[in-house]
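Survey of secondary and tertiary structure
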Amino acid sequence: MAIYATNTATKRELIPAGNYVARCYQMIHIGTVPENYLGEMKEQNKVRVGWELPTELKVFREENGEQPLIIGKEYTLSMNEKANLRKALASWRGKDFSEDEAKKFDITVLIGKPCMLNIIHKPGTKDPSQIYEEIGSISPMPKGFTCPDQINNTQLLTYEEWDETIYEALPDFIKDKIKKSNEYKQFMHPETTTLPDGKGLNDETETDDLPF
């Protein structure tokens, strides 16, 4: 008797390109992993930020009813003036950071905060026939607009406050990347792994006067 392996995976439906009301609900500290940067391999401390689109609801599983579409983006944990994270946050808050503000900024304060996301479609780097959705820009909520209350449970995963339930629920490609990080290796084997000095998610600065 033959045993056939088949590929029956359904293609994920892309979020249509456009502008959406969104709310940040997820912050996953991936950790320090090797990355190809301008043709050179470097170790970079990564975080994944996730947003829900509470006005865009869909039934993924009947037992869960309608749930919001979600989208995430990975950033290097850097507040350098040229860093993508700083540019995104400056666009979100509507002004750049002062050098004092940028020295240490706890990005977990973003969780629960609303914004507008511009979602674009781009061809894949390796296979241009594959089209992917991506966050093109983040901006503050326009005057007169309101964002519905958060629907998904907050997902905050750091090595200081590890939550195995949140970790296990992550897609495999995110878990695989976390497993490659220096922080995860040290977390799993503290007796044999030493971390270089680096930044976590909770490098704090005063945020009372910030929009988030």
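Residues numbered from 1 in each chain as written. Predicted model: local features only at pLDDT ≥ 70, side-chain atom pairs only at ≥ 80, totals over all residues. Heavy atoms only, no water.

1. Considerations on the overall build of the protein
- When helices and strands are tallied, the protein shows 5 helices and 6 strands.
- Scanning the protein from its N terminus toward the C terminus, one meets helices and strands in the order β-β-β-α-α-β-β-β-α-α-α.
- A burial count over the protein gives 37% of its 212 residues as buried.
- Across the protein, the fraction of contacts at a sequence separation of at least 24, relative to all contacts at a separation of at least 6, is 61%.
- Surface exposure of the protein reaches about 13400 Å², of which carbon and sulfur atoms provide 49%. (Helix = DSSP H or I, 4+ residues; strand = E, 2+ residues; numbered from the N terminus. Buried < 20%, exposed > 50% of the residue type's maximum accessible area, 1.4 Å probe, protein only. Contact = heavy atoms within 4.5 Å. Areas by Shrake-Rupley, 256 points an atom, 1.4 Å probe, with all protein chains shown as cover.)

2. Side note on the environment of V33
- Examined against the element boundaries, V33 turns out to sit in strand β1 (residues 18–37).
- Judged by relative accessible area, V33 falls into the buried class, the value being 2%.
- In sequence terms V33 and K177 are 144 residues apart; their C-alpha atoms lie 7.6 Å from each other.
- Aside from chain neighbours lying at most four places away, what touches V33 is K42, E43, Q44, K46, K177, K180 and S181.

3. Here's the deal with the pattern of salt bridges
- Counting across every chain of the model gives 10 salt bridges.
- Its salt-bridge partner being K177, residue E74 comes within 2.6 Å of it at the nearest N-O pair. In this pair, E74 is assigned in strand β3 (residues 66–76) and K177 in helix α4 (residues 172–179), connecting sequence segments 103 residues apart.
- For E74, a relative accessible area of 25% corresponds to the partly exposed category.
- Here K177 falls in the partly exposed class, since its relative accessible area comes to 21%.
- The shortest N-O distance in the salt bridge between R86 and E99 comes to 3.2 Å. Taken together, the residues span a long stretch of sequence, with R86 in helix α1 (residues 84–93) and E99 in helix α2 (residues 99–103) at a distance of 13 residues.
- Judged by its relative accessible area of 3%, R86 falls in the buried class. (Salt bridge = Lys/Arg side-chain N within 4 Å of Asp/Glu carboxyl O.)

4. Side note on α1
- When you tally the buried positions in α1, you get 7 out of 10 residues, the bulk of the element.
- Along α1, the positions that sit buried rather than exposed are L85, R86, A88, L89, A90, W92 and R93.
- Where α1 is buried, its residues contact β1, β2 (40–59), β3, α2, β4 (114–123) and β5 (131–139).
- Positioned one or two residues after α1, G94 has a phi angle of 90 degrees, which is positive.

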